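This is what each chain is made of:
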Amino acid sequence: VAGGLAGMANWLVALPQDVLKSRLQTDVEGKYRGVLDVLRELLRKEKPTALFRGIGPAMIRAFPANAATFTGVELARNAVQDL
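Below, the structure is looked at part by part. (Residues numbered from 1 in each chain as written. Predicted model: local features only at pLDDT ≥ 70, side-chain atom pairs only at ≥ 80, totals over all residues. Heavy atoms only, no water.)

**Concerning the environment of Trp11**
For step 1, the next point in the chain: Considering the arrangement of structural elements, one finds Trp11 in helix 1 (residues 2-26).
For step 2, the next point in the chain: Residue Trp11 is classed as partly exposed on the basis of its relative accessible area of 21%.
For step 3, the next point in the chain: Sequence spacing of Trp11 and Asp37 is 26 residues, and the spatial spacing of their C-alpha atoms is 23 Å.
For step 4, the next point in the chain: Ignoring anything within four residues of it in the chain, the contact list for Trp11 reads Asp18, Ile55, Ala58, Met59, Arg61 and Ala62. (Helix = DSSP H or I, 4+ residues; strand = E, 2+ residues; numbered from the N terminus. Buried < 20%, exposed > 50% of the residue type's maximum accessible area, 1.4 Å probe, protein only. Contact = heavy atoms within 4.5 Å.)

The structure is reproduced here in structure tokens:
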């Protein structure tokens, strides 16, 4: 559970930067001068909630993926300690 909640908390903080990065990478070359330009355009043309577009799927994916990773790390750590 701890790993799943940690993953969800991570995406809650990281998603706005990820949205900006994705828009910068996928748009026509030369459209933006940088990440701050992407942010200005996004806030001008859309609501600030656009920074959290895709939060639902990210949260649905984050819990099981990070819970499994956390479990795997703990199992591996325990196995190594038993050697």
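**A few points about the nonpolar core**
For step 1, the next point in the chain: Counting residues in each nonpolar core, the largest one holds eight residues, listed as Leu15, Val19, Leu20, Tyr32, Val38, Leu42, Ala50 and Leu51.
For step 2, the next point in the chain: Of all the secondary-structure elements, those providing two or more residues to this core are helix 1 and helix 2 (35-45).
For step 3, the next point in the chain: Examining the composition of this core, we find that three residues originate from one element, helix 1, more than from any other.
For step 4, the next point in the chain: Ignoring anything within four residues of it in the chain, the contact list for Leu51 reads Leu15, Pro16, Val19, Leu20, Leu39 and Leu42. (Core = buried A, V, L, I, M, F, W, Y, C linked by side-chain atoms within 4.5 Å.)

**As for the packing of helix 1 against helix 3 (residues 55-81)**
Think of two packed helices as two axes; the pair is described by the angle between the axes and how far apart they sit.
For step 1, the next point in the chain: Between helix 1 and helix 3, the least distance of the axes is 7 Å, while the angle of their chain directions is 140°. Our classification of the angle between helix 1 and helix 3 gives oblique. Our pair here, helix 1 against helix 3, has a crossing hand that is right-handed. Judged by residue contacts, Gly3, Gly4, Leu5, Gly7, Met8, Trp11, Leu12 and Leu15 of helix 1 engage Ile55, Ala58, Met59, Arg61, Ala62, Phe63, Asn66, Ala67 and Phe70 from helix 3.
For step 2, the next point in the chain: Class assignment for the residues of the contact of helix 1 with helix 3 results in twelve nonpolar, four polar and one charged. (Axes fitted to C-alpha atoms, helices over the stretch in contact; angles between N-to-C directions. Parallel < 35°, antiparallel > 145°, perpendicular 65-115°, else oblique. Left-handed = near helix turned anticlockwise from the far one by under 90°. Nonpolar A, V, L, I, M, F, W, Y, C, P; charged D, E, K, R; others polar.)

**Thoughts on the side chain of Glu41**
For step 1, the next point in the chain: Tracing the sequence through the fold places Glu41 in helix 2.
For step 2, the next point in the chain: One polar contact links Glu41 to Arg44, side chain to side chain, over a distance of 3.1 Å.
For step 3, the next point in the chain: Discounting residues that sit within four places of it in the chain, Glu41 has contacts with Tyr32 and Glu46. (Polar contact = N/O pair within 3.5 Å; in protein donor to acceptor, adjacent residues only side chain to side chain.)

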